[in-house]
Amino acid sequence: MKLYYTPGSCSLSPHIVLRETGLDFSIERIDLRAKKTESGKDFLTINPKGQVPVLQLDNGDILTEGVAIVQYLADLKPDRNLIAPPKSLERYHQIEWLNFLASEVHKGYGPLFSSDTPESYLPVVKTKLKSKFAYINDVLSKQKCACGEHFTVIDAYLFTLSQWAPHVGLDLSDLTHLQNYLKRIAQRPNVHSALVTEGLIKE
């Protein structure tokens, strides 16, 4: 399999999950502005949406959207317990989390990354987004990970989204349970390897 990624973007989530599964894979960097792959190919011929992540399967099929990709990967290696079994209530609670992160947190960052957002509106966006993280902080005051006591695909996504906060001036330092959680997740060998590989931290 091949993961098309852009360093530090939402593709970091499936990158982490790939490493957690132990599956064989390669990665190729994408220049999202130029819509070019690292090898010089037109990225739009791979994903007409023009966004990462993209997972190219061994049979050539293309899977897009991070939430779909991480569920697919986790199901390939059920012994890693990265997602609950199909049809279990726990599974639907995890899907609930993935949707919350995608629609409320991930999309909540949108105006902060856009040069078209009026300066006067930025504090409103940050306050709303901070409230989502405050909710997550409260959850993490009661358990080690987002969905309980062990690492799942939800944690890969939450960790990724949390990394964007310093880049947009969103101060989460007072959310102590979240900060302690992020430190623990960053220490996972597969998370560390993904960060090093993408050039986000040094070895």
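Residues numbered from 1 in each chain as written. Predicted model: local features only at pLDDT ≥ 70, side-chain atom pairs only at ≥ 80, totals over all residues. Heavy atoms only, no water.

Per an unreviewed UniProt entry, the protein chain goes by Glutathione transferase GstA and derives from Proteus cibi.

1. Some remarks on the UniProt feature "domain: GST C-terminal" (unreviewed entry) in the protein chain
Here is the rule: UniProt positions are given in the numbering used here, feature names are shortened, and annotations may be inferred rather than shown by experiment. Comment: elements are numbered from the N terminus, with helices defined as DSSP H or I runs of at least four residues and strands as E runs of at least two.
As annotated by UniProt and renumbered to match this structure, "domain: GST C-terminal" (unreviewed entry) occupies residues 87-203. Each end of residues 87-203 is marked by a C-alpha atom, and these two atoms are 40 Å apart; helix forms 61% of the span and strand 0%.

2. A look at the sheet that holds strand β5 (residues 62-64)
Whenever strands of a sheet pair, they do so through backbone hydrogen bonds, lying parallel or antiparallel. The condition is simple: In short, DSSP must find at least two bridges between two strands for them to pair. Note on contacts: a residue pair is in contact if any heavy atoms of the two residues lie within 4.5 Å. Angles run from 0 to 180 degrees between N-to-C directions of axes, and those axes are lines fitted to C-alpha atoms, restricted for helices to the stretch in contact.
With mixed pairing, the five strands of this open sheet are ordered in space as β3-β2-β1-β4-β5. What marks the edges here is a single partner per strand, and that holds for β3 (36-37) and β5. Here four bridges tie strand β1 (residues 2-5) to strand β2 (residues 26-31), and the two strands are oriented parallel to one another. Residue pairing across strands places Y5 opposite R29, the latter belonging to β2. Sheet strands in contact with helix α2 (residues 66-76) are β4 (54-56) and β5, and its direction is about 120° off that of β5.

3. Here we look at the environment of L172
Position of L172 relative to the elements: it lies in the loop between α6 (153-162) and α7 (176-186). Ignoring sequence-local partners within four residues, the contact set of L172 consists of K130, F133, A165, L178 and Q179.

4. Notes on helix α1 (residues 12-21)
Just so we agree on the cut-off: Whether a residue is buried, partly exposed or exposed follows from its accessible area with a 1.4 Å probe, protein chains only, as a fraction of its type maximum: under 20%, in between, or over 50%, in that order.
With nine of its 10 residues buried, α1 lies for the most part within the structure. Within α1, the full set of buried residues consists of L12, S13, P14, H15, I16, V17, L18, E20 and T21. The secondary structure elements touched by the buried residues of α1 are β1, β2, β4, α2, α6 and α8 (189-197). One or two residues past the end of α1 sits G22, with phi positive at roughly 80°.

5. Considering the nonpolar core
To keep it simple, the criterion reads: Take the buried Ala, Val, Leu, Ile, Met, Phe, Trp, Tyr and Cys residues and link them wherever side-chain atoms come within 4.5 Å; each set so joined is a nonpolar core.
Residues L101, V105, Y109, F133, I136, V153 and L178 are the most contacted members of the largest nonpolar core, which totals 52 residues. Of all elements in the fold, only β1, α1, α2, α3 (89-106), α5 (122-140), α6, α7 and α8 reach the threshold of two or more residues within this core. Judged by nonpolar contacts, the second largest core, of six residues, contains Y4, I30, F43 and V54.

6. Re unusual backbone geometry
Residue P53 follows V52 across a cis peptide bond; omega there is 5°. In this structure, K35 takes a positive phi of about 55° despite not being glycine. Along the chain, K35 turns up in the loop between β2 and β3. One non-glycine residue, N81, lies in positive phi territory at about 55°. In this fold, N81 is placed in the loop between α2 and α3. Look at N81 and you get partly exposed, because its relative accessible area is 44%.

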